[in-house]
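# Structural overview
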Amino acid sequence: MESTTIVDAALDLLQRTPVEETEQNVKDISKILSFNHDALEEFTNLADVPLHSTFDPSPCNNINTNTNININDGTSNQRNKKYIQSEHNREGDSYRSPWTNEYYPPLSSTSSVPSSSLSPSISNDDDAAAVAVGLRPSSSLRMLEIQANEVFESYKQLYYGKNDNTVQDESNEIVSSVYFWDKDRGGGSVGGDDIFRKRGFGGCFLIKKNLDVPGLQKGYWNSIHHVDFGPIVSGRSKYTLSTTILLSVDIFVTNVAKGEKKSATGKQSINIGSSLSKESEKILPIANPTDHIVNIGKMIEDVEIELRSNMDNLYIQKTKEIIDAIRPSPSSLSFHGGGGRFTTSSGGRRSGNVSGRGSGIGGLMVGGGIGLPSATQNEMNAVLMARFKKSNS
């Protein structure tokens, strides 16, 4: 079986598993694929797992000591900011910060990094020197990456809310990160500053939000956007966008029966999990490199709005329809004749008196809600009333 077929099957299997179990399932599937190195590496790069974040711990200066490139790009105030960890900014156990362009923990110049842990744009024949300094975008692509992070942070605040990105508070965490990489090996180590204009480049736009809702135990929303930026041909560029939304929430619902003390409550746990994916392509005009941010930004905004709408209007509503079809809610039940309804209180007990038309089961039996002939109904009423008087005497 070809590696592509194996990876497609593995990704299809992963998509059918609960979202909250994704990380463990990726590890388990990776063990199964361990016999095929190429399939394992491709699966690891393509599998979308819940995002994690960390802090950029050190102060920033204007010189990148690993490349001796002046990066007077305004990042000197970007210390101690959170950033997202992904396969696209990882070298071994270190992750590159989009704010300072440095790896944390720092990469050792004498340490070696297994090829299986390299970012997708590094091939197996890369030399040890490129690995030692870590994969970084070329200087002009790095400048575009900085602008993209600034724009995407504003987008995050607009659609996901504002928070302090320097505070260690995971209960209301909202973090965004953008990473670009050259399609050739080694980023800035080869080619010129404008190489991404001729060959195109790759990128990912990531948002992680931990939900903080009353009654919610835990939950998160992850937006993962992988983008292939095509080369500029006749003033136009092709954009291939692959988007995945991961949503998982655990809600505790407290039931308090009428007339009972609050201490005698029970809790029900409800889990809602969803994974939605969509791919789209567009060919758009571009006059200068910054137009890349405008073009892909609009595509990301449109696809997120579409998936958010689908999740609410299609999937959640469809789930409700299926549940109602299996076990209708009390308010949706009606009966022939008397128009009686089953009514429930917050404690799950039937409310209403035994006598009286249209009051639950009593309405069916006493009120004639099942449409019995009047003579039969009168006989049933007489028998029930006689039994009721006898039991009270």
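Only a predicted model underlies this, so the values are computations on that prediction, with no experimental measurement involved. (Residues numbered from 1 in each chain as written. Predicted model: local features only at pLDDT ≥ 70, side-chain atom pairs only at ≥ 80, totals over all residues. Heavy atoms only, no water.)

## Examining the nonpolar core
This is how the line gets drawn: What is meant by a nonpolar core is a set of buried Ala, Val, Leu, Ile, Met, Phe, Trp, Tyr and Cys residues, joined one to another through side-chain atoms within 4.5 Å. Buried means the residue's accessible area, taken with a 1.4 Å probe over protein chains only, is under 20% of the maximum for its type, while exposed means over 50%, and partly exposed covers the values in between. Segments assigned H or I by DSSP are reported as helices when at least four residues long, segments assigned E as strands when at least two residues long, and all are numbered from the N terminus. Any pair of residues with heavy atoms lying within 4.5 Å of one another is described as a contacting pair.
Judged by nonpolar contacts, the single largest core of 29 residues is most densely connected at Phe 152, Phe 180, Phe 205, Phe 229, Leu 241, Ile 296 and Ile 300. Broken down by secondary-structure element, the contributors of at least two residues to this core are helix 5 (139-160), strand 8 (174-182), strand 9 (201-210), strand 10 (216-229), strand 11 (236-255) and helix 7 (291-326). Top element by residues in this core is helix 7. It accounts for seven residues. Among all residues touching Phe 152, those that are not within four sequence positions of it are Ser 176, Ser 177, Val 178, Phe 205, Leu 206, Ile 207 and Ile 300. Counting 15 residues, the second largest nonpolar core, distinct from the first, contains Leu 51, Val 175, Tyr 179 and Ile 224.

## Considering the environment of Phe 180
Among the structural elements, Phe 180 can be located in strand 8. On the basis of relative accessible area, Phe 180 is assigned to the buried category, the value being 2%. As a C-alpha pair, Phe 180 and Phe 201 span 21 residues in sequence and 7.1 Å in three-dimensional space. The residues contacting Phe 180, other than those within four sequence positions of it, are Arg 96, Pro 137, Leu 141, Leu 144, Glu 145, Ala 148, Phe 201, Gly 202, Gly 203, Phe 205 and Phe 229.

## Notes on the packing of helix 5 against helix 7
We count it as follows: Lines are fitted to the C-alpha atoms to define the axes, a helix being fitted only along its stretch in contact, and any angle between axes, read from their N-to-C directions, falls within 0 to 180 degrees. Note on terminology: angles under 35 degrees are roughly parallel, angles over 145 are roughly antiparallel, angles of 65 to 115 are roughly perpendicular, and the others are oblique. If you view the pair so one helix is near and one far, a crossing is left-handed when the near helix is turned anticlockwise from the far one by less than a right angle, and right-handed when it is turned clockwise. Polarity classes work like this: nonpolar for Ala, Val, Leu, Ile, Met, Phe, Trp, Tyr, Cys and Pro, charged for Asp, Glu, Lys and Arg, and polar for all others, with Gly in that last group.
At a minimum axis separation of 11 Å, helix 5 and helix 7 run at an interaxial angle of 30 degrees. Taken together, the axes of helix 5 and helix 7 are roughly parallel relative to one another. Crossing geometry of helix 5 relative to helix 7 is assigned as right-handed. Two secondary-structure elements touch here, helix 5 through Leu 144, Gln 147, Ala 148, Val 151, Phe 152, Tyr 155, Tyr 159 and Tyr 160 and helix 7 through His 292, Ile 293, Ile 300, Glu 301, Glu 304 and Ile 305. Split by residue class, the contact of helix 5 with helix 7 holds 10 nonpolar, two polar and two charged.

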